[in-house]
Amino acid sequence: MAEFRNEFSWSFTRHKTFEECRRRYYHTYYGYWGGWSPDAPDRARLTYRLKNMTRTALWSGDVVHRLIERILGDLRNRELNTLTRYQKQARDILNREWMQSVEKKWQWKPKHNVNLFEHYYGTEIAPEDRAAIRDRIYACLANFMNSTLFGRLADLRPEAWKSVEKLDRFKVGEVPVFVKIDCAVLGDPGLRIYDWKTGKEVDETTTQLGCYALFAFQEWRVPIEKQTLISFYLGLDRAVEHVPTPSELIDTKDFILGSVGRMAEALDSSIQKNEAREENFPMTERRAICRRCSFREICFGTREWTPEIENWKP
Ligand code: SF4
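So, how was this worked out
Residues numbered from 1 in each chain as written. Predicted model: local features only at pLDDT ≥ 70, side-chain atom pairs only at ≥ 80, totals over all residues. Heavy atoms only, no water. Disulfide = S-S within 2.5 Å. Buried < 20%, exposed > 50% of the residue type's maximum accessible area, 1.4 Å probe, protein only. Axes fitted to C-alpha atoms, helices over the stretch in contact; angles between N-to-C directions. Helix = DSSP H or I, 4+ residues; strand = E, 2+ residues; numbered from the N terminus. Parallel < 35°, antiparallel > 145°, perpendicular 65-115°, else oblique. Contact = heavy atoms within 4.5 Å. Nonpolar A, V, L, I, M, F, W, Y, C, P; charged D, E, K, R; others polar. Near = heavy atom within 4 Å. 1 Å grid on protein atoms, 1.4 Å probe; cavity = no way out; pocket = protein on both sides within 12 Å on 5 of 7 lines; lining within 4 Å. Sits in = over half its atoms within 2 Å of the grid points. Salt bridge = Lys/Arg side-chain N within 4 Å of Asp/Glu carboxyl O.

Help me get a handle on the state of the cysteines, residues and values and all.
Considering all chains together, one arrives at zero disulfides under this definition. Of the cysteine sulfurs around C140, a residue in no disulfide, the closest is that of C183, at 16 Å. Given a relative accessible area of 5%, C140 falls into the buried group.

Pasting the structure below:
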């Protein structure tokens, strides 16, 4: 049987983690390794548990993505349900996963049971905040199903669907790069790549979509001028379209290679061996980032957030 190795790869999420806190990057991509096994050292098991933790904002965004994937699947199969039905399904998911977190089911299967940061670290979620999460999800689904964009998708022929929420891999230089495109369809006048956004508008979207455009260019052979990248801000009911240019494609490639180079410098070995030591990945000094970080328990040895930690210097 082939050896199961922690292989080096690049993704936009990995890049963001690396730039935000090197220690978090270490925990997320190296320290957790093997922590899924009951026989693993306690530290690796704790790291694996914390790596799989999520925050309510991310969790609710993930629920929206899962529901849209379901809606699009039903649309393609001509089995589309009503908006109310999908909102009820979202509520059922929220209730079920909320209880997984409350009942700590993640203790046995961290990857398959939701563990909310707020529960784990004792941050109160008021009933009205929980209701607001549900209402935001309902609004995102309503905006999606009532949009012109959804109407266009409903009119597509079966062969026009290119990808929905599929994890794809391609290479930039020698490095495997992962992308997960929310939705890509072939239409008139070309390829349309959609990204569902549940948060506010941010600049980094351009780089992330640039990675999708590069993937579509390299793997699907779609010329850059035939691509349209669309960020749909579901909560705001606003779609932002962008046609990438050849120079943006070059910039994206350079961006990825630059990011890979910085990650490689921090390793103890070649990228192929992918060996890392924790001490080479310093903790951030920005305590505001730590306060929201799942790995707090490892870095500070406690789940409490105290004035000493607030003022602590590495
Ligand atoms: S708690 Fe702070 S130092 Fe530790 S991994 Fe998280 S952000 Fe980095």
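Past the structure itself, the notes keep going.
Hey, could you go over the packing of helix α9 (residues 205-219) against helix α10 (residues 246-265) for me, with residue numbers and the actual values?
Close contact between α9 and α10 brings their axes to 9 Å; oriented N to C, the two are set at 105 degrees. With respect to α10, the element α9 is oriented roughly perpendicular. Judged by residue contacts, T207, G210, C211, A213, L214, F217 and Q218 of α9 engage L249, T252, K253, F255 and I256 from α10. Looking at side-chain class alone, the contact of α9 with α10 contains seven nonpolar, four polar and one charged residues.

Give a detailed account of the site of the ligand, specifying residues and quantitative values.
In the vicinity of the ligand, the contacting residues are C21, R24, H27, M283, T284, I289, C290, C293, F295, R296, C299 and F300. Of all the cavities here, the one that holds the ligand is the largest cavity. Only α2 (22-31), α11 (287-291) and α12 (296-300) provide two or more residues apiece to the shell around the ligand. Looking at which element gives the most residues to the shell around the ligand, the answer is α12, with three residues. When the residues that make up the shell around the ligand are grouped by side-chain class, the tally is eight nonpolar, two polar and two charged.

Tell me what's going on with the environment of L209, and back it up with residues and numbers.
Inspection of the secondary structure puts L209 in helix α9. For L209, a relative accessible area of 5% gives the class buried. Sequence-wise, L209 and I230 are 21 residues apart; in three dimensions their C-alpha atoms are separated by 8.5 Å. Sequence-distant contacts of L209, that is, excluding residues within four places in its chain, are made with D195, L229 and S231.

So what's going on with the pattern of salt bridges? Which residues, and what values?
Tallying each qualifying case throughout the model produces 18 salt bridges. Between E241 and R192 there is a salt bridge whose closest N-O contact spans 2.8 Å. In this pair, E241 is assigned in strand β5 (residues 238-242) and R192 in strand β3 (residues 191-197), connecting sequence segments 49 residues apart. According to the relative accessible area criterion, R192 is buried, its value standing at 8%. Among the charged side chains, a salt-bridge network with shared partners connects R23, R43 and E278.

Quick one: what's the story with unusual backbone geometry, residue by residue and with numbers?
Look at K104: it is not a glycine, yet its phi comes out positive at around 55 degrees. Assignment of secondary structure puts K104 in the loop between α5 (83-102) and α6 (117-120). Backbone geometry places E165, a non-glycine residue, at a positive phi of 50 degrees. Overall, the relative accessible area of 13% leaves E165 in the buried class.

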